[in-house]
Amino acid sequence: CGPTVYNFLTVGNWTAYVYWDTLVRVLTANNYNVTRVMNITDVGHLVSDADDGEDKLEKGAKREGKTAWEVAEFYTKDFIDGMHKLNLIIPTHMPKATEYIEQQLNLVRTLKNKGFTYQISDGIYFDTAKFPTYGAFAGLDLEAQKAGARVEFNPEKRNPSDFALWKFTPAGEIRDMQWDTPADLTDEGTLRAGFPGWH
């Protein structure tokens, strides 16, 4: 998991990359051929578990008076510069979330066709009740979770653990980073502007 490029990384953030670098070096020293892939989250990291619709790139753009694209470019460069300064091994591949929008939409389509999604007013959600072992998979005690205990309760969600796969741009807004939601993904069968939910 790579950085969400909306701000400077903290010392705590950098610690994770030092750990990963150490692992790569140990594997390489033991004659393993390492191909490391680390994403750059340049869209689709919502500011809270409440799926409240604002992602960190849009928030960073408002804070700095720039576009979300400019913020992503600046902090991606800063991250790579930081890796060089810390003498960390650069991953083999560093794909950006914005480079894979079509694939993300295809995944939502696949999940929809298999009956794992539902639509509410602000987007398309993954129905965790349709995945019987989701709690174990995600490391969550679903029985202990209470709607609204940790995040603002969304009465439209079927289960507190459900999460946004694809968010719709709110009516009357134009985001820096938004794409057409294909008509076959929406219940109403019309094109809508949208953006990735949880990356």
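Before reading on, note that the structure itself is shown above.
The present account deals with the structure reproduced in this document. The model shown is predicted, which means the values in this text are computed figures rather than measured ones. (Residues numbered from 1 in each chain as written. Predicted model: local features only at pLDDT ≥ 70, side-chain atom pairs only at ≥ 80, totals over all residues. Heavy atoms only, no water.)

**Here we look at the overall build of the chain**
(1) Moving on: A tally of regular secondary structure across the chain gives five helices and five strands.
(2) Moving on: Along the chain, from the amino end to the carboxyl end, the secondary structure elements read α-α-α-α-β-β-α-β-β-β.
(3) Moving on: Sorting the 199 residues of the chain into buried and exposed places 39% on the buried side.
(4) Moving on: Put simply, 69% of the contacts in the chain that link residues at least 6 apart link residues at least 24 apart.
(5) Moving on: Entry remark: accessible area of the chain is about 11,500 Å², with carbon and sulfur atoms responsible for 55%. (Helix = DSSP H or I, 4+ residues; strand = E, 2+ residues; numbered from the N terminus. Buried < 20%, exposed > 50% of the residue type's maximum accessible area, 1.4 Å probe, protein only. Contact = heavy atoms within 4.5 Å. Areas by Shrake-Rupley, 256 points an atom, 1.4 Å probe, with all protein chains shown as cover.)

**Some remarks on the packing of aromatic side chains**
(1) Moving on: In total, this model carries 14 aromatic pairs according to the counting rule given.
(2) Moving on: With a centroid separation of 5.5 Å and an interplanar angle of 45°, the aromatic rings of F131 and F137 are classed as tilted.
(3) Moving on: Taken together, the ring pairs connect F116, F126, F131, Y134, F137 and F163 into an aromatic cluster.
(4) Moving on: The ring of F74 is capped by K66, whose NZ or CZ atom sits 4.8 Å from the centre of that ring.
(5) Moving on: If you follow R175 out to its NZ or CZ, it ends over the ring of F195, 3.4 Å from the centre. (Phe/Tyr/Trp six-rings, centres within 6.5 Å; stacked < 30°, edge-to-face > 60°. Lys NZ or Arg CZ within 6 Å of the ring centre and 35° of its normal.)

Keep in mind these numbers describe shape, not what the thing actually does.
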